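Coordinates in review
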Amino acid sequence: MTTNYGFDTLMVHAGHTPDKDTHSRMLPIYQTTAYTFDSAQHAQELFALKVPGNIYSRLSNPTVDAFEARINALENGVGALAFSSGHAAMFNTMINLASAGDEIVSSINIYGGAINLFGVTLRNLGINVKFVDPDDLAAWENAVTDKTKAFFVESVGNPNANIADLCAIADIAHKHGIPFIVDSTMTTPYFCRAFDFGADFIIHSATKYLGGHGTSMAGIVVDSGKFQFEGNPRFPQYNNPDPSYHGIVFAKDCGNAGFITRLRALVMRDIGSCLSPFNAFMIMMGVETLSLRMNKHASNTLAVAEFLEAHPLVEKVNCPVLKSSPYHERMLKYMPNGCGSTFTFELKGGRAAGAKFIDSLKLISHVANLGDTRTLVSHPASTTHSQLTDEQLKAAGISAGTVRLSIGIEDPKDIIADIQQAIEASSK
Ligand SMILES: *Cc1c(COP(=O)(O)O)cnc(C)c1O
């Protein structure tokens, strides 16, 4: 598939051509574990990596391949690898770069589940994740040691929709030979071209806007091919022959796709967090309408954010689309057409009003998810971020009264009417 096609064409066509055997126009669900070998010789050559092809669906599957190729085309990367969830994509990415004794520097303004994954589980494995305020550039710089293997941010932070200065953080990472990872779940490749702003690897929880309909868990990692592993003293595992994989030297033998090749060949092989073909198919259905949905998410978000900002019972709205937002200028630089549809606001009545507001909603669903066609609401302090200490909550900018919205693609007047009646009910 030529990448000269525009985004909307790639989102419908990239990664799949009609099936040669059946002429099926839609991507088939290849619900198979294994693939026949033509001969004993063919099997041997496949295992020795002398010829390309499918062996076993933990390593590759044609439906999953099509999803990987499509997102890779949309992000303009050199390769992508799909996972069973966004968290699986993050964990596997981190262990493709870091081992016990190593360090990672992460923004503190990230998904609550990711704070646990990094701050507890990775630390228990001996990978020390240091959290920093993403706007404190000196903190990124000061956190670097000889052991640092990655910098991590979310393109739009969850839940308060802060936007990190991607280019500035990328510059610090690259000055030290450290890869910069951007979780672009909130923006998708339609709104943010993170590779253009210095990201080396992009992660998506495809569970959210890429799938877009709240049906299926999935994650994906895309490699820009730009990070220099060759000769980089931080990454001996890319520069020394790998004993578990035919003595391959990933920084040399895979062109500029060493990272994504190692992620599949070693990490996926051993950890096995592979995506099911059925879920890949469901996410692909969503991707076909990505730009249409994201534009509607964005216009609805602007309407709701402006309504909330003007409401006398609303204390604060954290949404970069508002001109009053401290992140508005960064949004215009990094994601001029939209920043997703997930943001927070606080009612003047604090926690009690927030709880009453959520319980009074009729159209909007109270769930632990975002990026659905339906408008969703959650209360981070008691759900997604509930395992955080008060100190961590404060550092992440979450108060007891913070309410998170993920604006869907319904009629904006109906979303606003539901919010309006629930705010009124919350003050009684
Ligand atoms: C949901 C989410 C994740 C985790 O993805 P899952 O698919 O739920 O495992 C990671 N990052 C962000 C920004 C998310 O919103």
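Going by the structure above, here's the rest.
What comes next is a walk through the structure.

The rules behind these values
Residues numbered from 1 in each chain as written. Predicted model: local features only at pLDDT ≥ 70, side-chain atom pairs only at ≥ 80, totals over all residues. Heavy atoms only, no water. Core = buried A, V, L, I, M, F, W, Y, C linked by side-chain atoms within 4.5 Å. Buried < 20%, exposed > 50% of the residue type's maximum accessible area, 1.4 Å probe, protein only. Helix = DSSP H or I, 4+ residues; strand = E, 2+ residues; numbered from the N terminus. Pairing = 2+ DSSP bridges. Near = heavy atom within 4 Å. Polar contact = N/O pair within 3.5 Å; in protein donor to acceptor, adjacent residues only side chain to side chain. Areas by Shrake-Rupley, 256 points an atom, 1.4 Å probe, with all protein chains shown as cover. Nonpolar A, V, L, I, M, F, W, Y, C, P; charged D, E, K, R; others polar. Axes fitted to C-alpha atoms, helices over the stretch in contact; angles between N-to-C directions. Left-handed = near helix turned anticlockwise from the far one by under 90°. Contact = heavy atoms within 4.5 Å.

**Remarks on the nonpolar core**
A general tendency of soluble globular proteins is for nonpolar side chains to be buried together. With 86 residues, the main nonpolar core has F67, F151, L308, F343, F357 and I419 as its most contacted residues. If one sorts the elements of this core by residue count, helix α13 (residues 290-310) sits on top with seven residues. Residues I181, F259, M268 and A381 belong to the second largest nonpolar core, which totals 47 residues.

**Some remarks on the pairing of strand β1 (residues 79-83)**
Taking burial as the measure, the five residues of β1 include five buried ones, the bulk of the element. Of the two faces of β1, both are covered, the one formed by G79, L81 and F83 as well as the one formed by A80 and A82. Here β1 runs beside strand β7 (residues 219-223); their pairing, made up of five bridges, is antiparallel. The residue bridging G79 from the neighbouring strand is D223, located in β7.

**Focus on the site of the ligand**
Around the ligand, 15 residues are found, and the nearest of them are G86, D183, S205, T207 and K208. The side chain of S205 places a nitrogen or oxygen atom 2.8 Å from an oxygen atom of the ligand. Contact with the protein chains removes 94% of the 380 Å² of surface that the ligand exposes when unbound. With three residues, helix α4 (residues 86-95) is the single largest residue contributor to the shell around the ligand. Split by residue class, the shell around the ligand holds five nonpolar, seven polar and three charged.

**A few points about the packing of helix α3 (residues 62-75) against helix α12 (residues 277-287)**
At a minimum axis distance of 8 Å, the contact between α3 and α12 shows a crossing angle of 35°. Crossing of α3 against α12: the hand is left-handed. Along its contact with α3, which presents T63, V64, A66, F67, R70, I71 and L74, the element α12 presents P277, A280, F281, I283, M284 and V287. Partitioning the contact of α3 with α12 into residue classes produces eleven nonpolar, one polar and one charged.

**Quick look at the sheet that holds strand β4 (residues 148-154)**
The mixed open sheet is built from seven strands, whose spatial order is β1-β7-β6-β5-β4-β2-β3. Strand pairing shows two members of the sheet lacking a second neighbour, β1 and β3 (128-132), which therefore form its edges. Here the average twist between neighbouring strands, direction ignored, is 20°. Across three bridges, strand β5 (residues 180-183) lies against strand β6 (residues 201-205) in parallel orientation. Bridge pairing links I181 to F201 in β6. Contacts from helix α5 (residues 112-124) reach β2 (103-107), β3 and β4 within the one sheet, and its direction differs from that of β3 by about 150°. Strands in contact with helix α7 (residues 166-175) are β4 and β5; relative to β5, the strand with the most contacts, it is inclined by about 150°.

**What to know about the environment of A88**
On the secondary structure map, A88 appears in helix α4. Overall, A88 belongs to the buried group, its relative accessible area being 10%. Residues A88 and F151, spaced 63 residues apart in sequence, show a C-alpha to C-alpha distance of 18 Å. If we ignore the near neighbours within four places in the chain, the residues touching A88 are F83 and S273.

**Thoughts on the sheet that holds strand β8 (residues 314-318)**
Ordered in space as β8-β9-β12-β11-β10, the five strands form an open sheet in which the pairing is mixed. A single partner strand is all that each edge strand has here, and the edge strands are β8 and β10 (365-366). Where strand β9 (residues 342-347) and strand β12 (residues 402-406) come together, five bridges link them in antiparallel fashion. Within β12, the position partnered with F345 by the bridge is V403. Most of the contacts of helix α15 (residues 350-360) go to β9, to which it runs at about 120°, and overall it touches β9, β10, β11 (376-378) and β12.

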